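# Examination of the molecular architecture
In case you want the letters, here they are:
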Amino acid sequence: MKYEINAGEKALELDFQTQDNRLTIRTESGDLDFEAIRIQPGSYSVLMNNRSFVVGVCSESDQRVNVNGTPVELELLDAVHLHLRELGWDTVPEVKAGLVCAQIPGLITKIFHQTGDEVNEGDPIFLMEAMKMENEIKAPVSGSILKISVQEGQTVDKGTTVIEIG
Amino acid sequence: MKYEINAGEKALELDFQTQDNRLTIRTESGDLDFEAIRIQPGSYSVLMNNRSFVVGVCSESDQRVNVNGTPVELELLDAVHLHLRELGWDTVPEVKAGLVCAQIPGLITKIFHQTGDEVNEGDPIFLMEAMKMENEIKAPVSGSILKISVQEGQTVDKGTTVIEIG
Amino acid sequence: MFKKILVANRGEIALRVMRTCREMGIETVAVFSEADRTAPHVLFADEAYLIGAAPSSESYLRYDRILEVARDSHTDAIHPGYGFLSENTDFAKEVTEAGIVFIGPPAEAIKTMGDKTMARQSMLQTEVPVVPGTEEPIEDVDQALQVAIEIGFPVLIKAAGGGGGKGMRIVESADTFGDAVAKAQRESQSAFGDGRVYIEKYLEEPHHIEFQILADQHGNIIHLNERECSIQRRYQKVIEESPSPFINAELREKMGVAAVETARSCDYVGAGTVEFLVDKHHNFYFLEMNTRLQVEHPVTEMITGTDLVAEQIRIAAGQPLTIEQDQITITGHAVECRIYAEDAAQDFTPSTGKISMLQIPDGTGTRFDGSIRQGMEITPYYDPLLGKLICWATDRESALNRSERALREFYIGGIETTIQFCRAVIRHPVFRKGPYDTHFYANHKAQLHEELSNASDEVLLVAGATLFQHIEKLKHGSQTEESNTSAKSGWVTVQQGRAHR
Amino acid sequence: MFKKILVANRGEIALRVMRTCREMGIETVAVFSEADRTAPHVLFADEAYLIGAAPSSESYLRYDRILEVARDSHTDAIHPGYGFLSENTDFAKEVTEAGIVFIGPPAEAIKTMGDKTMARQSMLQTEVPVVPGTEEPIEDVDQALQVAIEIGFPVLIKAAGGGGGKGMRIVESADTFGDAVAKAQRESQSAFGDGRVYIEKYLEEPHHIEFQILADQHGNIIHLNERECSIQRRYQKVIEESPSPFINAELREKMGVAAVETARSCDYVGAGTVEFLVDKHHNFYFLEMNTRLQVEHPVTEMITGTDLVAEQIRIAAGQPLTIEQDQITITGHAVECRIYAEDAAQDFTPSTGKISMLQIPDGTGTRFDGSIRQGMEITPYYDPLLGKLICWATDRESALNRSERALREFYIGGIETTIQFCRAVIRHPVFRKGPYDTHFYANHKAQLHEELSNASDEVLLVAGATLFQHIEKLKHGSQTEESNTSAKSGWVTVQQGRAHR
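Residues numbered from 1 in each chain as written. Chains lettered and ligands numbered in written order. Predicted model: local features only at pLDDT ≥ 70, side-chain atom pairs only at ≥ 80, totals over all residues. Heavy atoms only, no water.

## Looking at the arrangement of the chains
Rules: Contact definition: two residues touch when any of their heavy atoms are within 4.5 Å.
Of all five pairs of chains in contact, the one with the most contacts involves chains C and D. In this structure chain A stays clear of chain B, and the shortest span between their C-alpha atoms is 14 Å.

## Some details on the interface of chain A and chain C
Inclusion rule: Two parts lose some accessible area (1.4 Å probe) when they are put together, and adding that loss for both gives the buried area. Definition used for salt bridges: Asp or Glu carboxyl oxygen within 4 Å of a side-chain nitrogen of Lys or Arg. Here a polar contact is taken to be a pair of N or O atoms separated by no more than 3.5 Å, where protein atoms must pair a possible hydrogen donor with a possible acceptor and residues adjacent in sequence count only if both atoms sit in side chains. A run of H or I in DSSP counts as a helix once it spans at least four residues, and a run of E counts as a strand once it spans at least two, with each numbered from the N terminus. Ten residues, namely Ala, Val, Leu, Ile, Met, Phe, Trp, Tyr, Cys and Pro, are considered nonpolar, four, namely Asp, Glu, Lys and Arg, are considered charged, and the remaining ones, Gly among them, are considered polar.
The interface of chain A with chain C comprises 51 residues on the first partner and 48 residues on the second. In total, about 4700 Å² of surface goes out of reach between chain A and chain C, with carbon and sulfur atoms giving 62% of it. A salt bridge links A:Arg51 to C:Glu458, with the nearest nitrogen and oxygen atoms 2.9 Å apart. Counting the contacts that link chain A with chain C gives eleven residue pairs in polar contact (both at pLDDT 80 or more). For the side of chain A that touches chain C, the leading source of residues is strand 4 (residues 30-40) of chain A, giving seven residues. Its residues assigned to classes, the side of chain A that touches chain C shows 33 nonpolar, eleven polar and seven charged.

## Some points on the domain arrangement of chain C
Using the following cut-off: An automatic or database domain assignment supplies the start and end points of every domain.
Partitioning chain C into structural domains gives domain 1 (4-103), domain 2 (132-201) and domain 3 (207-457). Summarising the inter-unit geometry, the C-alpha centres of domain 1 of chain C and domain 2 of chain C are found 46 Å apart.

## A short note on the confidence of the model for chain C
Residue and element names in this part refer to chain C. How we decide: The pLDDT value expresses, per residue, how confident the predictor is, ranging between 0 and 100.
Looking at chain C as a whole, the pLDDT averages 90, with 94% of positions reaching at least 70. Per-residue pLDDT stays below 50 along residues 479-501; that stretch engages in 69 contacts with residues further than four places along the chain or on separate chains. Predicted complex metrics record ipTM = 0.85 and pTM = 0.87.

## Regarding the pattern of salt bridges
Cut-off, in case you're wondering: Here's how the labels work: a residue is buried when its accessible area is under 20% of the maximum for its type, exposed when over 50%, partly exposed in between, all with a 1.4 Å probe on protein chains only.
The tally for this structure, following the rule as stated, stands at 88 salt bridges over all chains. Between A:Lys10 and C:Asp457 there is a salt bridge, and its shortest N-O distance comes to 3.2 Å. Of this pair, A:Lys10 sits in strand 2 (residues 10-19) while C:Asp457 sits in helix 16 (residues 457-476), placing the two residues on different chains. When its relative accessible area of 33% is taken as the criterion, A:Lys10 is described as partly exposed. Note that D:Arg16 is salt-bridged to D:Glu301, the shortest N-O span being 2.7 Å. In this pair, D:Arg16 is assigned in helix 1 (residues 11-23) and D:Glu301 in helix 10 (residues 297-304), connecting sequence segments 285 residues apart. Of the two residues examined, D:Arg16 and D:Glu301, each falls in the buried class.

In structure tokens form, the structure reads like this:
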């Protein structure tokens with residue numbers, strides 16, 4: 001199975017060959033023996049050509065993997081996606097860049113804008129308190145505030161959409 | 001619910017009163033507030049009248065509990081058993097004292113007797129190797145060897161009956 | 001000696017204090033919020049009492065409830081840890097009035113040192129230097145220039161009306177002074193509606209260096225050398241070490257004397273920390289005094305072989321210090337890395353969740369003061385400090401190598417932590433070299449974060465392939481568990497012979 | 001210096017060695033059996049190679065396979081740990097012949113010291129005392145009496161043909177000697193069909209005390225003081241400490257010189273241990289020399305501030321010792337408790353199973369050299385040592401208090417361990433007092449085991465009620481998980497203000 005690994009500006013093409021519990025990774029520079037054994041939910045002991053790694057897979061995101069403690073952001077594209085991309089289609093779901101969500105549960109203490117306000121990328125848009133710290137959340141994109149879904153003083157769970165910029 | 005805790009020569013009578021997740025233990029010397037919260041399968045954080053304990057419950061035996069690291073052997077008898085005992089009946093399942101099982105997986109290296117041999121309590125009956133150690137297993141009771149279920153050189157799993165003395 | 005101590009805190013410091021109590025044969029009482037029912041300090045303590053809901057304002061800051069627990073449990077003394085109520089004068093007073101010993105300084109010393117302005121005023125009465133500057137804001141430029149000349153250039157012009165760098169100017173010489181003041185005043189006026197400015201000596205390449213002191217009830221005061229705390233991010237310390245790679249024996253001696261004098265000036269009793277700023281010319285200035293145990297106290301313990309909590313308890317029990325100043329030596333070198341539940345890649349956003357796997361480093365010279373376990377939930381209610389990794393070795397280089405090894409071995413699955421960020425700092429050539437200052441993080445931020453996000457092809461392949469297998473296995477519902485099947489079958493023989501050792 | 005080291009071992013010692021390698025910037029290669037695919041040493045190493053099936057005869061003892069891995073991985077040096085191949089002359093030779101450095105003494109030294117009789121013969125050529133006795137078995141009573149008088153009473157008569165206490169007699173004086181020999185001969189004859197007996201000096205209240213030595217390739221040999229190892233069960237050490245509570249500075253000096261002389265007599269290179277027996281009159285006798293790292297080496301590291309594995313590696317790389325004899329001091333006191341997967345209540349039967357929960361002690365002066373993690377399976381294939389808890393403090397009493405605290409805090413769920421047994425020993429008044437001998441366990445066995453099985457009413461109630469709830473919950477299929485519900489709802493407010501520290 002052909003895949004592509006994308007991370008920042010890097011892109012690696014490879015071919016996964018599975019047999020029993022073992023995996024062979026075919027790359028431009030040669031084949032690699034690969035074995036991942038689960039040691040806890042989301043944690044694997046990996047041997048790749050006898051090199052040893054402990055790898056953590058985040059349950060909530062397919063794009064963040066932790067290798068020997070270091071977080072790695074990557075995108076794993078399979079043949080179907082690669083083919084579509086070759087055809088000029090790209091089925092990677094487009095993330096709505098203007099959706100600002102709470103990264104952790106917390107208390108919204110201050111919202112600096114009202115619906116219709118124009119904001120620039122990097123402008124503070126609201127304050128949130130969690131773990132004894134006040135966190136200033138900045139606008140990820142420039143645009144106008146389309147919707148404010150919470151009120152000051154409201155507590156929100158992780159993932160709650162707070163503001164939409166469009 | 002009336003219960004009795006037996007441990008060695010000690011016996012404690014008590015009454016468990018459950019309400020929601022809390023338990024009240026009624027003893028001769030007064031009531032005790034009790035709460036056990038599971039922190040891992042088989043491990044509990046216990047608060048009894050605000051005294052804190054970490055308690056491990058063995059999955060394979062109902063009669064061995066570990067309190068703050070110390071193993072405690074006990075028997076917990078409920079009202080039915082207590083009543084039957086008062087009537088002179090005792091429904092506690094009688095353990096076949098002459099059944100000698102492998103306590104851990106290992107290799108049977110030597111069996112000292114044959115079916116029909118008479119042995120005294122404490123006589124070595126077979127040798128078993130596990131964890132680089134040779135373990136001499138002694139007869140738990142006196143009697144004659146009724147049955148030998150394994151052969152020398154055989155590897156056995158935990159719990160396998162090796163010899164029966166009757 | 002006390003029979004029972006209540007620790008009015010949670011997390012790693014509660015556990016830290018209780019460990020020493022138990023070693024001293026003293027019973028321990030924990031208090032906990034609803035979010036902490038199965039927290040490590042509750043599991044460790046001899047007794048544990050629920051004091052309220054998760055928010056600390058409803059639990060760990062409720063000293064009425066804590067005092068009630070202290071009375072109910074017949075506690076002799078209360079240790080406040082750091083944070084929460086540790087520098088609360090009212091709490092210290094109420095504890096004492098309830099006939100319970102407060103393990104900390106007298107309320108009066110907390111009060112004097114708790115207020116920065118009051119502390120500065122108080123220090124001006126002593127020989128201990130404070131950062132030179134104007135006591136009152138000034139508006140007249142000529143008057144300001146006189147002050148600047150007295151202080152010596154470079155000076156810092158600071159807005160009286162607000163902060164955040166607005167209205168702030170560094171002035172190198174008298175030539176440009178008038179112009180700079182005018183600009184600063186205009187900027188202040190427009191930003192805060194207040195044109196007044198202060199003048200303060202500008203410290204070049206400042207180091208944050210603090211001294212640990214111990215004072216008993218009999219007038220004995222000693223210091224236990226310094227801790228170098230210049231690696232900071234948003235005024236939050238990240239890595240501390242002792243001895244400081246910047247100061248020499250002569251300066252250590254002078255600063256130690258100043259630290260002891262500071263403690264004496266406020267009739268201090270207990271363990272405390274005197275913080276100084278030291279400029280590149282080795283001038284040092286009093287910054288503030290912390291009237292409690294410090295997060296980074298273990299580095300001092302490691303190089304002096306002391307147990308500072310035990311000393312605190314003995315002092316509170318009225319015992320004289322068992323060590324004299326000339327018995328305090330420096331053996332080897334110790335480095336502390338603070339491990340926070342924060343995502344360094346996302347501007348250190350706090351990270352919550354369940355610790356799915358945990359491997360804490362250990363071995364020669366490796367100590368972890370923490371309060372976490374596998375399967376535990378990290379909640380958003382409290383400070384995100386998970387614990388501190390402290391490594392000791394005979395010299396600085398070995399201690400840094402050991403820290404790097406330990407950080408590499410440290411694995412916390414399920415949440416994001418600052419382990420790798422600490423590792424990037426420890427590996428940084430400027431940090432390795434030694435005499436870094438408080439601008440270290442600001443100066444090398446980009447480089448540190450690049451190191452964090454820079455994955456090799458090998459690491460990317462491992463990441464991608466593991467992700468592939470993870471998704472494949474989730475799809476087919478067949479998770480390959482640890483291969484312990486061989487433990488259950490395939491038995492052939494067991495190695496003979498007596499264990500060799 | 002080496003670039004890559006292969007550790008031909010598993011468990012805690014493999015991890016211990018690799019930690020130092022990484023601190024020295026040396027890459028690590030692990031070898032593992034089928035049972036150890038996810039063992040901690042495999043997870044820690046930079047590279048890991050499968051060498052065979054679970055039984056060590058098919059993996060960890062297969063030095064052909066290990067050498068193959070060493071060649072394939074371009075390893076510079078092999079560290080054998082202890083046990084397995086560490087004292088195998090052939091292995092040491094083959095490694096060297098393959099052009100790889102064996103981190104250990106020359107094969108010749110292993111050979112000399114590996115054979116007890118040869119070692120004794122060799123030591124008779126030196127000034128180092130060995131236990132006086134006859135070299136050959138004797139049958140003539142008068143001749144035997146002469147020897148006994150020369151040795152000095154009490155003497156021990158031992159059967160030449162067998163062991164187990166049969167044919168053994170302690171004789172206090174010449175009066176009863178003839179009678180005792182006759183009885184011993186008759187007993188030996190009937191037990192082993194061999195009436196010959198040896199005579200050896202009977203050591204009263206013997207102490208097992210060993211000295212750590214280091215010898216470089218340039219003829220420098222030093223010792224790093226003693227370890228007291230008299231707490232044994234079936235010749236297996238249970239608890240070790242340094243310094244010994246039994247010997248004084250003068251005896252330490254004398255024994256240290258003898259230890260160095262022993263090492264010199266066999267042209268020793270590397271780290272080694274010279275074991276002595278010391279009787280109650282402070283007479284000491286050479287017992288044997290272990291030509292490798294010892295399980296209990298950490299107590300020496302803790303009191304001397306050294307890293308013995310780093311010293312081993314530097315020596316093997318040809319570097320001269322960095323420390324001289326007069327730089328070796330004793331700082332504080334260290335105690336090691338061996339934690340085995342054994343059920344003390346059932347005559348120390350090995351215990352296997354899955355570690356369902358794990359809480360490893362930590363904090364000031366607390367080190368755990370282990371190789372376990374939560375969720376890991378303990379298999380029956382290897383030595384049941386899970387790890388060693390080493391506690392350091394400024395004095396013996398504090399070190400014992402710290403050990404007791406750490407053992408109390410140590411929790412391993414799912415298998416039986418010797419944690420509580422060690423705690424019973426540490427609490428025992430005779431051990432606490434100090435100069436115990438090798439008979440300690442035999443003399444106090446009943447008391448130790450009674451302490452282990454003696455539960456208070458409170459503990460019984462807790463045990464019974466937890467069991468009750470456990471069974472109830474299993475019945476109703478509703479396990480109350482950790483109450484982290486509050487983390488997901490009930491949010492009200494979060495404590496304000498900047499973190500205080």
